[in-house]
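# Structural characterization, general
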Amino acid sequence: MSTASAKDATPEAVAGNPAIPDYLVDTYTWAYVRPQNIRFLDRGIVVESILWGNGRYLMDWAFCEFAPGQDIMQPASVYGPFSRRLANVVGPEGSLEVRDIQPVQVEHTRVKVADCKHVTLKVADASQPVGREFDGICCFFLLHEVPDDWKTRIINALLAGVRPGGKVVFVDYHRPATLHPLRPIMMAVNRFLEPYADALWKRDIRSFATRDEGFTWTKETCFGGLYQKVVAVRAE
Ligand SMILES: C[S@@+](CC[C@H](N)C(=O)[O-])C[C@H]1O[C@@H](n2cnc3c(N)ncnc32)[C@H](O)[C@@H]1O
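Residues numbered from 1 in each chain as written. Predicted model: local features only at pLDDT ≥ 70, side-chain atom pairs only at ≥ 80, totals over all residues. Heavy atoms only, no water.

Per an unreviewed UniProt entry, the recorded name for the protein is Class I SAM-dependent methyltransferase, and the organism is Phaeovibrio sulfidiphilus.

Within a regular beta strand, the side chains point alternately toward one face of the sheet and then the other, so they alternate between its two faces. Taken across its six residues, strand S2 (residues 95-100) has five buried, putting it largely inside the fold. Strand direction decides the pairing type here: strand S1 (residues 71-74) and S2, joined by four bridges, are parallel. Bridged to Met73 within S2 is Glu97. Regarding topology, helix H7 (residues 82-90) serves as the crossover connection from S1 to the parallel S2, and that connection is right-handed. Bridge count between S2 and strand S3 (residues 119-123): five bridges; the pairing is parallel. Bridging across to S3, Val98 finds its partner in Leu121. For the crossover that starts at S2, traverses helix H8 (residues 103-112) and ends in the parallel S3, the hand is right-handed. (Buried < 20%, exposed > 50% of the residue type's maximum accessible area, 1.4 Å probe, protein only. Helix = DSSP H or I, 4+ residues; strand = E, 2+ residues; numbered from the N terminus. Pairing = 2+ DSSP bridges. Right-handed = clockwise from strand over helix to strand, strands pointing away.)

Attention now goes to the packing of aromatic side chains. Scanning the model with the defined rule gives 13 aromatic pairs in all. For the ring pair Phe140 and Phe141, a centre distance of 4.9 Å and an interplane angle of 75° mean the geometry is edge-to-face. Residue classification places Phe140 among the buried positions, given a relative accessible area of 5%. A residue is classified by how much of its surface remains accessible, and Phe141, at 10% relative accessible area, is buried. Joined through ring pairs, the aromatic side chains of Phe63, Phe82, Phe140, Phe141, Tyr173, Phe223 and Tyr227 make up one cluster. The aromatic ring of Trp150 is capped on one face by Arg153, whose charged end is 4.6 Å from the ring centroid. Of note, Arg203 hangs over the ring of Phe208, and the distance from its end group to the ring centre comes to 3.8 Å. (Phe/Tyr/Trp six-rings, centres within 6.5 Å; stacked < 30°, edge-to-face > 60°. Lys NZ or Arg CZ within 6 Å of the ring centre and 35° of its normal.)

This next bit is on the site of the ligand. Surveying the vicinity of the ligand reveals 20 residues, the closest of which are Tyr23, Tyr79, Asp100, Gln102 and Ala126. Side-chain polar atom of Gln102 to an oxygen atom of the ligand: 2.9 Å apart, as the coordinates give it. Between Asp125 and the ligand, the recorded distance is 3.0 Å, taken from a side-chain N or O atom to a nitrogen atom. Alone, the ligand offers 600 Å² of accessible surface; in the complex the protein occludes 94% of this. Here the element with the most residues in the shell around the ligand is helix H3 (residues 22-32); it accounts for three residues. Its residues assigned to classes, the shell around the ligand comprises 14 nonpolar, three polar and three charged. (Near = heavy atom within 4 Å. Polar contact = N/O pair within 3.5 Å; in protein donor to acceptor, adjacent residues only side chain to side chain. Areas by Shrake-Rupley, 256 points an atom, 1.4 Å probe, with all protein chains shown as cover. Nonpolar A, V, L, I, M, F, W, Y, C, P; charged D, E, K, R; others polar.)

Mapping Arg85 onto the fold places it in helix H7. A polar side-chain atom of Arg85 sits 2.4 Å from a polar atom in the side chain of Asp60.

Shown next, in the form of structure tokens:
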């Protein structure tokens, strides 16, 4: 990390938490680091706008893969009501662990789930070993924000973090149909704001995994192909 990056990073990064990666500092400081921007962006209406009114649908699309009583991990925080709603899906007889590489995001999520006793929070880098096996992992719009070598490390780590029979669910961007009316806009977004998203237009999420065997993979798309859900279920 450059000196400028270290200066922008949260103090906790210096105190032993994971270092804030350059891609986050260089590309996403405006979105995930500055507290005033976090407060502005972390609203349901903003999330819905960014996702063209599909936010709730996409969350439900991910959530329907999980069930009450399960032990689920969310590897990166998500703006809006995502974690709270996922906590409701697993219910108090289950558990949800929400992680993020940035302490500021973890603390922000903590406030949103303060009354959910079955939710724990942790500062952690999703590209590092998960540390134990969960029933499921829900990776929502993280991959398009990381460089390709990070995509591989994150996917590998998450696949290794589910028990036999467990699943990893990825919901993220995908290449829209050729005549999709939003295609030119999303191309501009990728070019100027989301430089690592383009790879998800060109390659299957599965292809980033170093070893994809031992899992059953399914892929669906929605909204004219703009979004995808990829589910990897580990063999029993
Ligand atoms: C899940 S992604 C984007 C989600 C979506 N755009 C939203 O918030 O509505 C955003 C989060 O990923 C986190 N993040 C980025 N790289 C990470 C990594 N390697 N490990 C864990 N969290 C990471 C960022 O700190 C940020 O809080």
